[in-house]
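An overview of the molecular structure
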Amino acid sequence: MVFILFIVVLVFGADKLPEIARGLGKGMRTFKDATNDIKHEVTKSARESNIIDTDVAKDVQEEINKIKDEVEDFSGSIKRNQ
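First, a word on what this report is: a plain description of the structure on this page. No experiment lies behind these values; they were computed from the predicted model shown.

Glancing now at a nonpolar patch on the surface. A cluster of nonpolar side chains, namely Met 1, Phe 3, Ile 4, Phe 6, Ile 7, Leu 10, Val 11, Phe 12, Leu 24 and Phe 74, defines an oily patch on the protein surface of about 1,100 Å² accessible area. Here the nonpolar patch takes seven residues from helix α1 (residues 2-12), the largest share from any one element. Within the fold, Phe 12 resides in helix α1.

Below, the discussion takes up the pattern of salt bridges. One pass over the structure, following the stated rule, counts two salt bridges. Between Glu 63 and Lys 66 there is a salt bridge, with its nearest N and O atoms 3.6 Å apart. With Glu 63 and Lys 66 both in helix α3 (residues 54-80), this residue pair falls three residues apart, about one helical turn. According to the relative accessible area criterion, Glu 63 is partly exposed, its value standing at 43%.

Time to look at the environment of Val 9. In this structure, Val 9 sits in helix α1. Those residues in contact with Val 9 that sit more than four places away from it in its chain are Ala 14 and Leu 17.

So, how was this worked out
- Residues numbered from 1 in each chain as written.
- Predicted model: local features only at pLDDT ≥ 70, side-chain atom pairs only at ≥ 80, totals over all residues.
- Heavy atoms only, no water.
- Patch = residues over 30% accessible without salt bridge, like charges linked within 9 Å, V, L, I, M, F, W, Y side chains within 5 Å.
- Areas by Shrake-Rupley, 256 points an atom, 1.4 Å probe, with all protein chains shown as cover.
- Salt bridge = Lys/Arg side-chain N within 4 Å of Asp/Glu carboxyl O.
- Helix = DSSP H or I, 4+ residues; strand = E, 2+ residues; numbered from the N terminus.
- Buried < 20%, exposed > 50% of the residue type's maximum accessible area, 1.4 Å probe, protein only.
- Contact = heavy atoms within 4.5 Å.

As structure tokens, then:
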């Protein structure tokens, strides 16, 4: 991570890092919102059709949580380096 950050500083310069971090934050927020919207739509459709499969729902939730943790780990390293 340090090496990647070093390359980013060399390519973009230290003055651009806050702007890049803001862009990444907005992108992650958009991704999170889209994920939540999809999850709510799938759940709503399943409830309306009475086909809710709790095993599938749990698997999807686990995958969403894994992606969320990875995004938070990545964003946490950016926030700590500012």
